[in-house]
Amino acid sequence: MKVDTLDLFEDPLPPCDMEAGAAKNRGSANRGMSSRALFDRFVAADYYLFNIPMWNFGVPYVVKQLVDVVSQPGLTFSLSSKGYTGLLRGKRACAIYTSGVFHPDSSPEFGRDFQSTYFTHWLNSVGVKDVEEIRLNAADRSGTFADDLNHACARAAELGRRL
Ligand SMILES: Cc1cc2nc3c(=O)[nH]c(=O)nc-3n(C[C@H](O)[C@H](O)[C@H](O)COP(=O)(O)O)c2cc1C
């Protein structure tokens, strides 16, 4: 198995500027080489493993940048009067969602989850429907963090064995 690791902070992503956006909306082949290279690298994978911390209730900006650069009309999705259709096929994913404060059992004063709801929705919208989620929430506050961590690690190991 070949593993391709993309560190979104170490490997700067190409910008998704107005020109790139206009080219995407035209469905044009006239895209910047670097965004095309990133797209090709992304779609070459059969299995995705995403490690996504909650930042200000959503995903870190570099994850949003990845989404904006990779999403290509006619390549990752199509849009009709029936809505979006994902065009990626046969891909699976695991998304690890962590948070330092938010916990699904906490009251809304501790935050809401626009992280997994957003990112898993995006994966589904481009055709990646087989998505496993591993959650490790409230790392700073949870009294059960050690157990939660063991549980998350066991689940990750189990998913790894199934690859
Ligand atoms: C810029 C930033 C924003 C964050 N915003 C939130 C947040 O809105 N809710 C939350 O529960 N945790 C928040 N955190 C905590 C991270 O989710 C937490 O550190 C991460 O899930 C655990 O990964 P780490 O061990 O790599 O820090 C934030 C952390 C950073 C650095």
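Throughout this description, residue numbers start from 1 for each chain and increase along the sequence as written. In keeping with the model being predicted, local features are shown solely for residues with a pLDDT of at least 70 and side-chain atom pairs are shown and tallied solely at 80 or more, while totals for entire chains, interfaces and linings include all residues. Think of the side-chain values as coming from all heavy atoms in the structure, minus any hydrogens and water.

The protein has the name Flavodoxin-like fold domain-containing protein in an unreviewed UniProt entry, where Rhizocola hellebori is given as its organism.

### A word on the side chain of Ser142
Within the secondary structure, Ser142 is located in the loop between strand S5 (130–136) and helix H5 (145–161). Each residue gets one of three labels from its accessible area relative to the maximum for its type: buried under 20%, exposed over 50%, partly exposed in between, using a 1.4 Å probe on protein chains only. Using a relative accessible area of 18% as the deciding quantity, one classes Ser142 as buried. Pairing of N or O atoms within 3.5 Å defines a polar contact, subject to two protein rules: one partner must be a possible hydrogen donor and the other a possible acceptor, and residues neighboring in sequence count only if both atoms are side-chain atoms. A distance of 3.0 Å separates the side chain of Ser142 from the side chain of Thr144, its partner in a polar contact. Beyond its immediate stretch of four places on either side in the chain, Ser142 contacts Asn137 and Asp148. Helix and strand labels come from DSSP, where a helix needs a run of H or I of at least four residues and a strand needs a run of E of at least two; each type is numbered from the N terminus. Contacts: residue pairs with any heavy atoms within 4.5 Å of one another.

### Focus on the site of the ligand
Contacts to the ligand come from Pro53, Met54, Trp55, Asn56, Phe57, Thr98, Ser99, Gly100, Val101 and Phe102. Here an oxygen atom of the ligand sits 2.9 Å away from a polar atom, N or O, in the main chain of Phe57. Here the ligand, which alone exposes 620 Å², has 55% of that area covered by the protein. Residues are classed as near a molecule or strand on a simple rule: at least one heavy atom within 4 Å of it. With residues, only the protein chains shown are counted as cover, and all accessible areas are computed by Shrake-Rupley using a 1.4 Å probe.

### Examining helix H4 (residues 116–125)
Every buried residue of H4 is accounted for by Ser116, Phe119, Thr120, Trp122, Leu123 and Ser125. In the segment just after H4, Gly127 is the residue with positive phi, at about 105°.

### Let's talk about the sheet that holds strand S1 (residues 47–53)
Any two strands with at least two DSSP bridges between them are considered paired. Taken together, three strands build an open sheet; the order of strands is S1-S4-S5 and the sheet is parallel. Taken across any chain shown, the strands that pair with only one partner, and hence form the sheet edges, are S1 and S5. Neighbour to neighbour, the strand axes of the sheet diverge by 15° on average, direction disregarded. The sheet contact formed by S1 and strand S4 (residues 92–98) spans seven bridges and is parallel. Its bridge partner lying in S4, Tyr47 is registered against Arg92. Lying over the sheet, H4 contacts S1, S4 and S5, oriented at roughly 165° with respect to S5. Axis definition: a line fit to C-alpha positions, over the contact stretch in the case of helices; interaxial angles, taken between N-to-C directions, run 0 to 180 degrees. This element, H5, spans S4 and S5 of the sheet and lies at about 155° to S5.

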